[in-house]
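# Close look at the chain arrangement
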Amino acid sequence: MKKLAIAAAVVFSAAAVNAAELADISAGDVKASKIEVPAPVLEVRGAKCGHVSGEITKLNLFARANRSQLVSYAENEAQYEEFKAMWTPILEKFGLKIVSAEYKDQYGVLKYESPDGRVIREFMGEKMNYDALSAEAMKKEQHNLLEALEGKGMTPIAAFMIKNEIFRPTFNVYYLTKPETDEAREVQLRQLKNGDDIDFDLLENAVTFVKKDASFSLVYIGRELGFKTKLAADEAGIAAKLADYKKFLADNDKEFIASRTFKLDKPIDFTDVKFNYAVNVYFFQ
């Protein structure tokens, strides 16, 4: 079961992946899940963009979006054809033309082009905080994401409720955005959740807030945020740590946003050093 959960986590990860990165999932892993459910029922919603809505329970119908393509794990050609049959009309509805379709090594790929050069990206809501036992609560969260995307002119094309026996019930959205050579620099719907409380005020002018999901979680629209905490024994030491890290960011073509230095409520002892100060550093990847 642990192996299966890991495999499914890769498939349902919020990060964009390509076929090579999905290769760790074996046919046996997916087959073992015994997911035997009907294909999603698609319908056009009443939102401004007219996005397609429905429910996904089959892994082969779950599309990952990266570059200018959609990728799906399909155990056989029949599953691939099912994936292709579902996604082709969705792409066509939004003016996206399929330029190639390929099934190889249990992966289906639909490559497309769009009139204005925009590309599809996807956001998975599984890491957000919501009542997974309430369909109404999940749809409300999903609707808020769609409204935020529409407000930024990032056309939603599809929104699905994701039901799987391994994960708690969740949802996702697919939308259009302008591509960049480095996807970290693209304006996307994202989530910052690194386990530490977030200094929201330091990020208000850097990205568009969608939801302060928790003290340690922010759903936002913008470039990919990075976060790092540095420790030091005294004020001079923490100032030096911050200066060194800002140089590291500049040397690695990452943009510093802001930082906050503070004294720890309780010192942290590490071997022969006692850390009394910390600094939270925020930057664009």
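Check the entry above for the structure.
Residues numbered from 1 in each chain as written. Predicted model: local features only at pLDDT ≥ 70, side-chain atom pairs only at ≥ 80, totals over all residues. Heavy atoms only, no water.

### Here's the deal with the overall build of the protein chain
- Of the regular secondary structure elements, the protein chain holds five helices and 15 strands.
- Going through the 285 residues of the protein chain one by one, you find that 45% of them count as buried.
- Relative to all contacts within the protein chain whose residues are 6 or more apart in sequence, the contacts with residues 24 or more apart total 63%.
- Surface summary for the protein chain: the accessible area is close to 14500 Å², and the carbon and sulfur share equals 50%. (Helix = DSSP H or I, 4+ residues; strand = E, 2+ residues; numbered from the N terminus. Buried < 20%, exposed > 50% of the residue type's maximum accessible area, 1.4 Å probe, protein only. Contact = heavy atoms within 4.5 Å. Areas by Shrake-Rupley, 256 points an atom, 1.4 Å probe, with all protein chains shown as cover.)

### With respect to the pattern of salt bridges
- Under the criterion given, the structure shown has 13 salt bridges.
- Residue Asp199 is joined to Arg260 by a salt bridge in which the shortest nitrogen-to-oxygen separation is 3.1 Å. Of the two residues, Asp199 sits in the loop between strand 10 (188-192) and strand 11 (208-214) while Arg260 sits in strand 14 (residues 255-270), which places them 61 residues apart along the sequence.
- According to the relative accessible area criterion, Arg260 is partly exposed, its value standing at 30%.
- The salt bridge involving Lys211 is made with Asp213; its shortest N-O contact spans 3.7 Å.
- Owing to a relative accessible area of 26%, Lys211 belongs among the partly exposed residues under this scheme. (Salt bridge = Lys/Arg side-chain N within 4 Å of Asp/Glu carboxyl O.)

### Quick look at the sheet that holds strand 4 (residues 69-73)
- Across the sheet, which stays open at both edges, the four strands sit in the order 3-4-6-5 with antiparallel pairing between neighbours. Of all strands in the sheet, those bounded by a partner on one side alone are strand 3 (64-66) and strand 5 (97-104). For this sheet, the mean angle separating the axes of adjacent strands, direction not counted, is 20 degrees.
- As defined by bridge partners, strand 5 adjoins strand 6 (residues 107-113) across seven bridges and the pair is classed as antiparallel. When the sheet's bridge partners are listed, Tyr103 is paired in strand 6 with Gly108.
- Contacts from helix 3 (residues 77-93) reach strand 4, strand 5 and strand 6, with the element oriented near 20 degrees to strand 6. (Pairing = 2+ DSSP bridges. Axes fitted to C-alpha atoms, helices over the stretch in contact; angles between N-to-C directions.)

### Comments concerning the sheet that holds strand 10
- Spatial strand order, 10-12-11: three strands in an open sheet with antiparallel pairing. Both outer strands of the open sheet, strand 10 and strand 11, are each paired with one neighbouring strand and no more. Direction aside, the axes of adjacent strands within the sheet are offset by 20 degrees on average.
- For strand 11 and strand 12 (residues 217-222), the ladder comprises five bridges, and the chain directions are antiparallel. Bridge assignment links Thr208 to a residue of strand 12, and that residue is Ile221.
- Lying over the sheet, helix 4 (residues 135-151) contacts strand 10, strand 11 and strand 12, oriented at roughly 160 degrees with respect to strand 11.

### Digging into the packing of aromatic side chains
- Under the definition given, this model contains eleven aromatic pairs.
- Between Tyr80 and Phe83 the ring centres are 6.4 Å apart and the planes differ by 40 degrees, which places this aromatic pair in the tilted class. One end of the pair is Tyr80 and the other is Phe83, both in helix 3 and three residues apart, which spans about a single turn.
- Taking the relative accessible area as the measure of exposure, Phe83 reaches 0% and is therefore buried.
- Within the aromatic cluster, the residues linked to one another by ring pairs are Tyr80, Phe83 and Tyr103.
- It is Lys93 that lies over the ring of Phe94; its NZ or CZ is 5.5 Å from the centre. (Phe/Tyr/Trp six-rings, centres within 6.5 Å; stacked < 30°, edge-to-face > 60°. Lys NZ or Arg CZ within 6 Å of the ring centre and 35° of its normal.)

### Topic: helix 4
- A rise of 1.5 Å per residue sets the reference length of helix 4, with its 17 residues, at 24 Å; its end C-alpha atoms lie 24 Å apart and thus fit the reference within 8%.
- Every buried residue of helix 4 is accounted for by Met138, Glu141, Gln142, Leu145, Leu146, Ala148 and Leu149. Down the axis of helix 4, the smallest arc covering the buried residues is 160 degrees, so these residues share one side. Among the exposed residues of helix 4, those oriented more than 90 degrees off its buried face are Glu136, Lys140 and Gly151.
- Buried residues along helix 4 sit against strand 7 (119-124), strand 8 (156-162), strand 9 (170-177), strand 10, strand 11 and strand 12. (Expected span 1.5 Å × (residues − 1). Arc of directions from axis to C-beta.)

### Looking at the nonpolar core
- In this structure, Leu70, Phe83, Trp87, Ile120, Ile157, Phe160 and Tyr174 are the most contacted members of the largest nonpolar core, which totals 27 residues.
- Going through the elements one at a time, strand 2 (52-56), helix 3, strand 6, strand 7, strand 8 and strand 9 are the ones with two or more residues in this core.
- The dominant element in this core, judged by the number of residues it contributes, is helix 3, at six residues.
- The residues touching Phe83, leaving out its near neighbours within four places in the chain, are Asn60, Leu61, Ala63, Leu70, Val71, Ser72, Gly108 and Leu110.
- Listed in part, the 18 residues of the second largest apolar core include Leu149, Ala159, Tyr175 and Ile221. (Core = buried A, V, L, I, M, F, W, Y, C linked by side-chain atoms within 4.5 Å.)

The quantities given are spatial measurements derived from coordinates; they are silent on function.
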